[in-house]
Amino acid sequence: MKSILDVDVMQRYIRMCDDGWLQGWHERNGGNLSYRMKPEEAEQCRPFFCTPGEWVPMGVTGQNLAGEYFITTGSGKYFRNVILDPVHSIGIVEINEEGNAWRIVWGLEDGGKPTSEFPTHFMNHSIRSAATGGACRVIYHAHIPNLIAMTYTLPLTDKAFSRALWKSATECPVVFPDGVGVVPWMVPGGTQIALATSKLMEKYDAAVWAHHGAFCSGPDFDTTFGLMHTIEKAAEIYNLVMSSGQGQVRQTITDDNLRAIAKEFGVVLNEEFLE
Ligand SMILES: [Zn+2]
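Residues numbered from 1 in each chain as written. Predicted model: local features only at pLDDT ≥ 70, side-chain atom pairs only at ≥ 80, totals over all residues. Heavy atoms only, no water.

Student: Could you clarify how one ought to interpret the UniProt feature "active site" (unreviewed entry) in the chain in this entry?
Tutor: On the UniProt side, "active site" (unreviewed entry) is annotated at positions that read E117 here. Mapped onto the secondary structure, E117 falls in the loop between β5 (101-107) and α5 (118-131). Look at E117 and you get buried, because its relative accessible area is 5%. For E117, the residues in contact, after removing those within four places along its chain, are N32, P188, G189 and W209. (UniProt positions renumbered as here; feature names shortened; annotations may be inferred. Helix = DSSP H or I, 4+ residues; strand = E, 2+ residues; numbered from the N terminus. Buried < 20%, exposed > 50% of the residue type's maximum accessible area, 1.4 Å probe, protein only. Contact = heavy atoms within 4.5 Å.)

Student: Explanation requested: the UniProt feature "binding site: Zn(2+)" (unreviewed entry) in the chain in the structure shown.
Tutor: As recorded in UniProt, the feature "binding site: Zn(2+)" (unreviewed entry) lies at H141, H143 and H212. Spanning 72 residues, the annotated positions come together in the fold, the maximum distance between their C-alpha atoms being 9.9 Å. Its location among the elements puts H143 in the loop between β6 (138-142) and α6 (145-150). With residues near it in sequence (within four places) discarded, H143 still touches W25, E27, G30, G31, I148, H212 and G213. Side-chain polar atoms of H143 contact the side chain of H141, separated by 3.4 Å. Summarising the element assignment, H212 is placed in the loop between β8 (206-209) and β9 (213-218). Of the residues examined, H212 reaches a relative accessible area of 15% and is grouped as buried. Within the structure, the side chain of H212 is placed 3.1 Å from the side chain of H141, a separation counted as a polar contact. (Polar contact = N/O pair within 3.5 Å; in protein donor to acceptor, adjacent residues only side chain to side chain.)

Student: Would you take a moment to explain the coordination of the zinc ion for this structure?
Tutor: Expected angles at a metal are 109.5 degrees for tetrahedral coordination by four donors and either 90 or 180 degrees for octahedral coordination by six donors. Surrounding the zinc ion are the protein donor atoms H141 (NE2), H143 (NE2) and H212 (NE2), which sit 2.1 Å from the metal. Binding-site remark: the zinc ion is held by donors from one chain whose sequence spacing is H-x1-H-x68-H. Placement of H143 in the loop between β6 and α6 and of H212 in the loop between β8 and β9 is noted, with a sequence separation of 69 residues between them. In this structure, H143 and H212 share a single accessibility class: buried. (Donors = N, O, S within 2.8 Å, 3.2 Å for Na, K, Ca; no water.)

Student: Got a minute to help me understand the packing of aromatic side chains in this structure?
Tutor: Geometry of an aromatic ring pair is reported as the spacing of the ring centres plus the angle between the planes. Applying the stated rule across the entire model yields 11 aromatic pairs. Between Y140 and F225, the aromatic rings sit 6.2 Å apart at their centres with planes inclined by 25 degrees, giving stacked as the arrangement. Of this pair, Y140 sits in strand β6 while F225 sits in helix α10 (residues 221-244), and the two are 85 residues apart along the sequence. Each of the two residues, Y140 as well as F225, counts as buried. An aromatic cluster of at least three residues, connected via ring pairs, comprises Y13, Y35 and F221. (Phe/Tyr/Trp six-rings, centres within 6.5 Å; stacked < 30°, edge-to-face > 60°.)

Student: What is the right way to read the sheet that holds β5 from this model?
Tutor: One key point about sheets: their strands pair by backbone hydrogen bonds, in either a parallel or an antiparallel sense. Pairing in this open sheet of nine strands is mixed, and the strands run β2-β5-β4-β3-β1-β6-β9-β8-β7 from one edge to the other. Where the open sheet ends on each side, the last strands, each with one partner, are β2 (56-57) and β7 (181-183). Two strands pair when backbone bridges link them, and β8 and β9 are joined in this way by four bridges, in the antiparallel orientation. Across the sheet, the residue bridging to A206 is C216, located in β9. (Pairing = 2+ DSSP bridges.)

Student: I'm lost on the environment of G266 in this one. Help?
Tutor: On the secondary structure map, G266 appears in the segment after α11 (255-265). For the pair formed by G266 and V174, sequence separation is 92 residues and the distance between their alpha carbons is 8.5 Å.

Student: What is the right way to read unusual backbone geometry from this model?
Tutor: Glycine aside, the phi torsion of most residues is negative, and most peptide linkages are trans. Backbone geometry at R28 places phi at a positive 45 degrees, although glycine is not the residue there. In this structure, R28 sits in the loop between α1 (8-23) and β1 (32-36). The phi dihedral of D110 falls on the positive side, at around 65 degrees, and the residue is not glycine. Position of D110 among the secondary structure elements: in the loop between β5 and α5.

Structure representation (structure tokens):
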């Protein structure tokens with residue numbers, strides 16, 4: 001391999017960034033993506049690593065992620081530019097043995113830093129990795145417009161959003177049977193929103209940020225992007241129904257229909273949200 005950009009995992013990471021841009025979810029520097037590398041993927045990339053930068057404390061600790069490597073988008077960087085200029089837009093960071101600091105080992109050239117949401121991503125990686133026996137590897141934040149619009153019209157509860165999305169498209173209860181969590185409006189980039197999100201991610205693999213966007217997690221790029229895409233499409237249908245029907249719904253997927261879908265597809269729906 002001549003370049004780190006020939007390594008399969010780097011190509012798939014960059015493709016996901018570009019897919020998000022093409023969906024219109026990443027205006028300006030909006031959104032961020034992090035991926036916890038498999039050991040063999042880190043080894044494939046290691047020949048291209050630079051002299052490591054300084055350790056930078058995160059303010060949060062994830063002991064179960066000590067020594068791991070993450071690919072991450074950069075702070076203030078544009079998803080639009082990831083495919084055009086990867087070395088300045090994304091990077092690989094190594095986590096220290098205490099699980100509380102990162103250092104850059106590739107990319108983010110000329111003074112770049114990981115996304116300002118990296119502590120939030122890192123805490124969510126720590127919790128999702130523990131909750132899934134190490135399967136979860138991807139955390140993705142996007143500004144998905146239809147879901148954001150729903151946060152102006154629906155009560156900001158896990159139940160209201162999970163039910164509305166499940167009933168907006170038949171595939172939804174199969175794709176996210178646990179439902180989604182909802183974080184009320186908060187200032188982004190801080191510890192408070194990191195804690196609130198990670199608390200929800202103990203139960204769900206997706207969280208709504210009111211008037212802002214969504215966080216999704218998953219074992220690989222396809223599953224995680226697919227989850228974001230499914231949620232946004234369901235939200236679009238919800239908004240179309242509400243606007244075209246002026247709030248009147250003639251018929252919908254009933255709770256018993258939801259139970260029937262779950263039975264047929266062998267998933268366990270979160271009963272807390274059913275009536
Ligand atoms: Zn955002």
